[in-house]
Amino acid sequence: MNRHPICDYENSDYQQSFWDSGTRRYEDLCEARAIARLMPRKGRLLLELGAGTGRNTLRYQGYGKIVLLDYSRTQLRQARERLGDSGQFLFVAADVYNIPFASALFDAATMIRTLHHMADPPAALREVRRVLAPQSAFLLEFANKRNLKAILRYLFRRQEWNPFAPDPIEYLPLNFDFHPRSVRGWLSENGFRVRDQATVSHFRIGLLKKAVPAGLLAYLDYLIGFTGNLCQYSPSVFVLAQSDGAGPAEPAGFFQCPNCGNPDLKEDPPASMLSLVCGECKKRYAIRDGIYDFKESLPL
Ligand SMILES: [Zn+2]
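Not measured: the values here are computed from a predicted model.

## Concerning the domain arrangement of the protein chain
Next, step 1: When its domains are assigned, the protein chain resolves into domain 1 (14-253) and domain 2 (255-294).
Next, step 2: Of note, the centres of domain 1 and domain 2, computed from C-alpha atoms alone, are 28 Å apart.
Next, step 3: Listed as interface residues are 17 residues of domain 1 and, on the opposing side, 11 residues of domain 2.
Next, step 4: Area buried by domain 1 at its contact with domain 2 is led by R80, A93 and P100, which between them contribute 31% of it.
Next, step 5: For the pair domain 1 and domain 2, the number of links is one salt bridge.
Next, step 6: A salt bridge links R73 to D293; its shortest N-O distance comes to 2.4 Å.
Next, step 7: Along the contact surface separating domain 1 from domain 2 lie eight residue pairs in polar contact (both at pLDDT 80 or more).
Next, step 8: At the level of elements, α3 (73-83) and β3 (89-93) are the ones that each hand at least two residues to the side of domain 1 that touches domain 2.
Next, step 9: Of the residues in the side of domain 1 that touches domain 2, the class split is 10 nonpolar, three polar and four charged.

## Considering the coordination of the zinc ion
Next, step 1: Protein coordination at the zinc ion: the donors are C257 (SG), C260 (SG), C278 (SG) and C281 (SG), at 2.3 Å from the metal.
Next, step 2: Each of the four donor atoms bound to the zinc ion contributes to angles spanning 102 to 116°, and the resulting shape is tetrahedral.
Next, step 3: According to the relative accessible area criterion, C281 is partly exposed, its value standing at 26%.

## Things to note about the sheet that holds strand β8 (residues 192-200)
In sheet architecture, strand pairing relies on hydrogen bonds along the backbone and comes in two forms, parallel and antiparallel.
Next, step 1: Ordered by their spatial adjacency, 11 strands build an open sheet running β8-β9-β5-β4-β1-β2-β3-β13-β12-β11-β10, and the pairing between neighbours is mixed. The open sheet terminates on both sides in strands that have one partner only, identified here as β8 and β10 (265-268). On average, each strand axis in the sheet is tilted by 20° relative to the strand beside it, whichever way the strands run.
Next, step 2: The sheet contact formed by β10 and strand β11 (residues 275-278) spans four bridges and is antiparallel. Looking across to β11, one finds that E267 is bridged to L276.

Rules and cut-offs
Residues numbered from 1 in each chain as written. Predicted model: local features only at pLDDT ≥ 70, side-chain atom pairs only at ≥ 80, totals over all residues. Heavy atoms only, no water. Domains from an automatic or database assignment. Contact = heavy atoms within 4.5 Å. Buried area = accessible area lost by both parts, 1.4 Å probe. Salt bridge = Lys/Arg side-chain N within 4 Å of Asp/Glu carboxyl O. Polar contact = N/O pair within 3.5 Å; in protein donor to acceptor, adjacent residues only side chain to side chain. Helix = DSSP H or I, 4+ residues; strand = E, 2+ residues; numbered from the N terminus. Nonpolar A, V, L, I, M, F, W, Y, C, P; charged D, E, K, R; others polar. Donors = N, O, S within 2.8 Å, 3.2 Å for Na, K, Ca; no water. Tetrahedral: all angles 85-135°; square planar, octahedral: opposite > 155°, others 65-115°. Buried < 20%, exposed > 50% of the residue type's maximum accessible area, 1.4 Å probe, protein only. Pairing = 2+ DSSP bridges. Axes fitted to C-alpha atoms, helices over the stretch in contact; angles between N-to-C directions.

Structure, rendered in structure tokens:
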């Protein structure tokens with residue numbers, strides 16, 4: 001089913017080792033401010049791509065319903081434990097290149113700390129555009145290769161690759177930094193207009209983070225971030241894009257079969273396991289512990 005290599009966080013302790021260890025409080029606060037600055041306050045149905053354990057989910061309080069999509073079931077299980085089962089949240093294990101939802105279903109989407117795992121960003125962005133209705137908001141974060149630290153390292157010959165070149169740099173397998181101009185180009189080629197930009201995490205320097213309280217540092221970061229539309233030299237950049245007017249205005253269904261594209265999946269409760277079944281290709285997808293699992297279909 002997958003044509004693209006995917007960075008899989010299955011069984012990863014990413015939330016605990018990276019976010020909950022305390023050393024990333026500054027980055028987390030910077031992201032909260034960037035979301036508050038750029039994201040429309042209210043909406044009907046939000047798709048969080050690469051939602052992980054739902055670290056950012058409660059920052060979108062004005063949305064009627066939120067779909068948390070991630071490739072890792074274990075990350076989603078942690079998200080469900082954290083957020084509960086109120087019905088406001090839907091947990092979906094799936095691939096960003098093949099989103100199991102009908103075209104034009106969502107009126108907003110976010111993708112934070114996720115594009116940097118994509119070997120084919122234009123294909124991923126095309127798929128995000130498909131599931132958004134016309135004139136919908138899309139908040140995209142990406143890792144910026146043209147950041148100040150990379151530029152200095154390049155100038156002092158501590159680094160081989162050129163931070164000003166437009167091509168992505170893969171610094172670890174399936175971990176990419178992108179040039180801001182390239183990301184804007186991919187957005188406009190795939191049906192988005194850039195509305196606003198914020199530069200984020202300018203002070204991602206160990207010594208500074210130790211010396212200055214995280215809240216104060218994040219506030220200073222927020223002040224500098226206003227220049228985001230003029231220049232981008234921070235390690236992280238947030239772009240608020242808007243989908244253009246093309247495509248259907250109304251969705252033809254809710255879930256869409258990732259195998260054949262049929263937007264008419266029906267819930268089917270056989271005795272053994274709750275699942276969704278495709279009326280066209282007959283593929284069956286499990287619903288386990290409140291998680292809709294499109295990573296693979298069930299054996300027939
Ligand atoms: Zn199907």
